[in-house]
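Given next are the chains, with one letter for each unit.
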Amino acid sequence: MNGRGRRSIKPYFYFAVGSAMLAFSFLFLLWSVSYMEVGKVATSLISALAGLSLLTSSLYLYRIAAYVYAAEKGE
Amino acid sequence: MTSLFFKFLPRAVSALLFWDIVTSLIKNSFDLRSILDITVDPVGAFPVLLQQASVFSAFLTVATGSPLMYSITILMIIVSKAHNNPNVPLASILGLFLILVLDTVGSTYRGGQNKSVRYESKISLVLCSVACILFISLYALPSIFAANFIVRLITALRSSARGIAIVLSENLLIRILLIAVVGMAFYSVLRDVTEIASTLLYPSKKAALVSLKDESEINLVFKAPLEFLRTLIISSFTSPIIYVVLYNYVGTLLNLAIKGLIPPALTPLDESSITKLILSVSSFTFSWFVVSKTVRFYEELRIKGILMALVLFTLMMYTVVVLYTYVKTLDLLRSLMNPDFGLLERDVQNIYYSYYLNFVFIIDSLSKLVGFAP
């Protein structure tokens, strides 16, 4: 997976998982708005909390992907 | 030359924006009597007082040119004028942006350290502009999404008219709180996006290896955002119990103590409601403190901490029930041996609704005092 001259898939793996979490976070945030429209305030806030947690974790994974990419590609 | 520029321009921008406030001090002389008005009519005098204070703050902003003083002045002006005109003027937001940019660049700029992105000469202008647009959209798209999300959330809160949403949507302070919390969460997102983008554009092996090897930065214990909200929910479960005991013990004493201290202007408030307010706020802060410490013990898996928290919690529950039974029966031995949980349960169930109404009352009267709500 990480030969001397071969491209490594590690940054792309982190990037893919980060994108999946980002998609889930969008889903939760949109659900939160729809719950607020029906009038369920607490459900909406909990869904916003879940969406924002997923957002921060996806950004964390992106950051790790950027570091690994820079460690292998940079000069 | 550039340092003079960076020192002069923020002060010029703030002087321009606060011009009419600063000159109003020269036009109408400063009226000291308005300060005394607050004892006669506290609700109406507060915005006027805030307006007087914002004049001083505007002076300080022009003198120092710091973005913090600028934002404080803008906040004071908006709050004091909120009753008639609750809109934030666009010029002040642009001015804040300008002052922040000047402050950041002026304090960190060092000559000869700029960097550019290099393109081959064969690449056309269209590709360059597309690249610029992509770069700007990296910031613009999350901001637009965040703003859209917040606007939709608040509009949905206002238009839905069921249950607790009615109480929450009428109150401007709650709306502001919601906007502030969600806005801060999205802001931290944008900050991370900037860091990621800069690392990807200019990959540097040394810097990346330094960050990867630094254990404290990489091995983050995952800390969920909105920890404030979680502590709020859990402590609002446990605080009415503490409140009930405090009210039965300390309530009558506080009533007697406060009776003579209320100025006659605040006649709708009598001493029992003030006692209830003080006790509910103090029981809430106490349970907040306990809950946040306990949850942190569970998150970090400190075994001694968890055991200590459990033992303390059992002791606290036991003490609460014993005290409660003692108040009702005045027989120490019986309350120690045979504490009556059912009595406490019934009273806590009764108090749950009125306990939270206390907080709604506080937030409501706070916004009325400041002048937000009519």
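Remember, predicted model here, so these are calculated numbers, not experimental data.

## Some points on the overall build of chain A
Consideration 1: Within chain A, the secondary structure is distributed over two helices and zero strands.
Consideration 2: By residue count, 43% of the 75 residues in chain A fall in the buried class.
Consideration 3: For chain A, the proportion of contacts with a sequence separation of at least 24, taken over those separated by at least 6, is 61%.
Consideration 4: Accessible surface, chain A as shown: approximately 4100 Å² in total, 68% of it carbon and sulfur.

## A closer look at the overall build of chain B
Consideration 1: When helices and strands are tallied, chain B shows 16 helices and zero strands.
Consideration 2: When burial is assessed residue by residue, chain B has 28% of its 374 residues classed as buried.
Consideration 3: Taking as baseline every contact in chain B between residues at least 6 positions apart, the subset at least 24 positions apart corresponds to 70%.
Consideration 4: A total accessible area of about 24900 Å² is found for chain B, and carbon and sulfur atoms account for 71% of it.

## Observations concerning empty space enclosed by the protein
Residue and element names in this part refer to chain B.
Consideration 1: In this structure the tally under the stated criterion is one cavity of 30 Å³ or more.
Consideration 2: The wall of the largest cavity is formed by Glu-227, Arg-230, Thr-231, Val-291, Ser-292, Val-295, Arg-296 and Glu-299.
Consideration 3: Ranked by the residues each element gives to the lining of the largest cavity, the list is headed by helix H13 (residues 271-300), at five residues.
Consideration 4: Its residues assigned to classes, the lining of the largest cavity comprises two nonpolar, two polar and four charged.

## Here we look at the packing of aromatic side chains
Consideration 1: Summed over the entire model, instances satisfying the criterion amount to 12 aromatic pairs over all chains.
Consideration 2: Geometrically, the ring pair formed by Phe15(A) and Tyr62(A) is tilted, given 5.1 Å between the ring centres and 40° between the ring planes. Within this pair, whereas Phe15(A) is found in helix H1 (residues 10-38), its partner Tyr62(A) is found in helix H2 (residues 41-73), the two being separated by 47 residues in sequence.
Consideration 3: Ring geometry for Phe145(B) against Phe186(B): centres 6.1 Å apart, planes inclined by 80°, an arrangement best described as edge-to-face. One end of the pair, Phe145(B), is in helix H7 (residues 125-159); the other, Phe186(B), is in helix H9 (residues 172-201), and 41 residues separate them in sequence.
Consideration 4: Note on Phe145(B): relative accessible area 26%, which makes it partly exposed.
Consideration 5: Site record: aromatic cluster; members linked through ring pairs are Phe26(A), Phe145(B), Phe149(B) and Phe186(B).

## A few points about the nonpolar core
Consideration 1: Met36(A), Phe149(B), Leu153(B) and Phe186(B) are the most contacted members of the largest nonpolar core, which has 23 residues in total.
Consideration 2: For this core, the secondary structure elements donating two or more residues are H1 and H2 of chain A together with H7 and H9 of chain B.
Consideration 3: Sequence-distant contacts of Leu153(B), that is, excluding residues within four places in its chain, are made with Ser32(A), Val33(A), Met36(A), Ser44(A), Leu178(B) and Val182(B).
Consideration 4: With 12 residues, the next largest nonpolar core counts Leu279(B), Val320(B), Val348(B) and Tyr355(B) among its residues.

What counts and how
Throughout this document, residue positions are counted from 1 along each chain, in the order its sequence is written. Both sets of labels track the order of writing: A upward for chains, 1 upward for ligands. Side-chain atom pairs in this predicted model are given and counted only at pLDDT of 80 or more, local residue features only at pLDDT of at least 70, and totals for whole chains, interfaces and linings cover all residues. Derived side-chain values reflect all non-hydrogen atoms in the structure, with water molecules and hydrogen atoms excluded from consideration. A run of DSSP states H or I qualifies as a helix once it reaches four residues; a run of E qualifies as a strand once it reaches two. Both are numbered from the N-terminal end. Exposure is judged per residue with a 1.4 Å probe applied to protein chains only, and the accessible area is read against the type maximum: over 50% gives exposed, under 20% gives buried, and values in between give partly exposed. Residue contacts follow a heavy-atom distance rule, with two residues in contact if any of their heavy atoms lie within 4.5 Å. Here the open area of atoms and residues is found with the Shrake-Rupley method and a 1.4 Å probe, where only the protein chains shown may cover a residue. Buriedness for pockets is judged along seven lines, at least five of which must meet protein on both sides within 12 Å for an open set on the 1 Å grid over protein atoms alone, while cavities are sets there where a 1.4 Å probe fits but cannot get out, and lining residues have an atom within 4 Å of a point. Grid points are joined across faces, edges and corners, and a volume is the space filled by probe spheres set on the points. In this classification, the charged set is Asp, Glu, Lys and Arg, the nonpolar set is Ala, Val, Leu, Ile, Met, Phe, Trp, Tyr, Cys and Pro, and all remaining amino acids, among them Gly, are polar. Side-chain rings of Phe, Tyr and Trp, where Trp is taken by its six-membered ring, are said to pair if the distance between their centres is within 6.5 Å; with planes under 30 degrees apart they count as stacked, over 60 as edge-to-face, and otherwise as tilted. The nonpolar core is taken to be a set of buried Ala, Val, Leu, Ile, Met, Phe, Trp, Tyr and Cys residues, with the residues joined through side-chain atoms within 4.5 Å.

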